[in-house]
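Each chain, written out:
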Amino acid sequence: LSSQADASGSSWQSCSWIISGVAPSVSFNMISTESNYDFIRVDESDDADFKRGVTQLASFSGSASGQQYQSTKRYLRIHFTSDGSVTGSGFVATWDASWSTTGDEPPGCSPCKAD
């Protein structure tokens, strides 16, 4: 998954990706956002709608790489917000999730859902 705010010239973004599966995880290969104004938040929940039982795993802004997060719950959400001024390159991340053979749906990652 990625959000390339600079490449598209867009700003004022609010977008979420939801990774589902057994022990879903995300690794951020590159993060370059406007420090203190554009944010990436990582949450986990057993609720696909993230309305209850939500735990924040991380929140960051600015430049970084190599952050990895693994959920102990069924769903992992990456939420990206940016304001309308300075834009960075955004972020690039990879995700992974196992699949249970007990009738669960296969692991997956939703397309960006604009908030």
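Above this note sits the structure.
Worth saying up front: this structure is predicted, and the values here are computed from it rather than measured.

Trainee: Explain the overall build of the chain to me, please; I cannot follow it from the model alone.
Mentor: Looking only at helices and strands, the chain features 1 helix and 11 strands. For the chain, the sequential pattern of α-helices and β-strands runs β-α-β-β-β-β-β-β-β-β-β-β. Looking at the 115 residues of the chain, the share that counts as buried comes to 39%. The long-range fraction of contacts in the chain, counting pairs at least 24 apart against all pairs at least 6 apart in sequence, stands at 79%. Total accessible area computed for the chain in this model is approximately 6,100 Å², and 48% of it derives from carbon and sulfur atoms.

Trainee: Just checking my understanding: could you explain the pairing of strand β4 (residues 39-45) for this structure?
Mentor: For a regular strand, side chains alternate in direction, first toward one face of the sheet and then toward the other. Summarising burial for β4: 5 of the 7 residues are buried, a large majority. Sheet analysis places β4 next to strand β8 (residues 75-81), joined by 7 bridges and oriented antiparallel. Bridge pairing links Ile 40 to Phe 80 in β8. Of the strand pairs in this sheet, β4 and strand β5 (residues 55-60) are connected by 5 bridges, and their pairing is antiparallel. Bridging from a neighbouring strand, Glu 44 pairs with Thr 55 of β5.

Trainee: I would appreciate a short explanation of the pattern of salt bridges in the present structure.
Mentor: Evaluation of the coordinates by the stated rule reveals 3 salt bridges. As a salt-bridge pair, Asp 43 and Arg 77 come within 2.8 Å of each other at their nearest N and O atoms. Here Arg 77 lies in strand β8 and Asp 43 lies in strand β4, a separation of 34 residues in the sequence. Judged by relative accessible area, which is 18%, Arg 77 ranks as buried. A salt bridge links Asp 47 to Arg 52, with the shortest nitrogen-to-oxygen separation between them at 3.1 Å. Classification of Arg 52 as exposed rests on a relative accessible area of 58%.

Trainee: Looking at this structure, how should I read the nonpolar core?
Mentor: Buried together is how nonpolar side chains tend to be arranged in soluble globular proteins. Membership of the largest hydrophobic core comes to 17 residues, with the highest contact counts inside it found for Val 26, Phe 28, Ile 40, Ile 78 and Phe 91. Those elements giving two or more residues to this core turn out to be β2 (14-20), β3 (22-32), β4, β5, β8 and β9 (90-98).

Rules of the game
- Residues numbered from 1 in each chain as written.
- Predicted model: local features only at pLDDT ≥ 70, side-chain atom pairs only at ≥ 80, totals over all residues.
- Heavy atoms only, no water.
- Helix = DSSP H or I, 4+ residues; strand = E, 2+ residues; numbered from the N terminus.
- Buried < 20%, exposed > 50% of the residue type's maximum accessible area, 1.4 Å probe, protein only.
- Contact = heavy atoms within 4.5 Å.
- Areas by Shrake-Rupley, 256 points an atom, 1.4 Å probe, with all protein chains shown as cover.
- Pairing = 2+ DSSP bridges.
- Salt bridge = Lys/Arg side-chain N within 4 Å of Asp/Glu carboxyl O.
- Core = buried A, V, L, I, M, F, W, Y, C linked by side-chain atoms within 4.5 Å.

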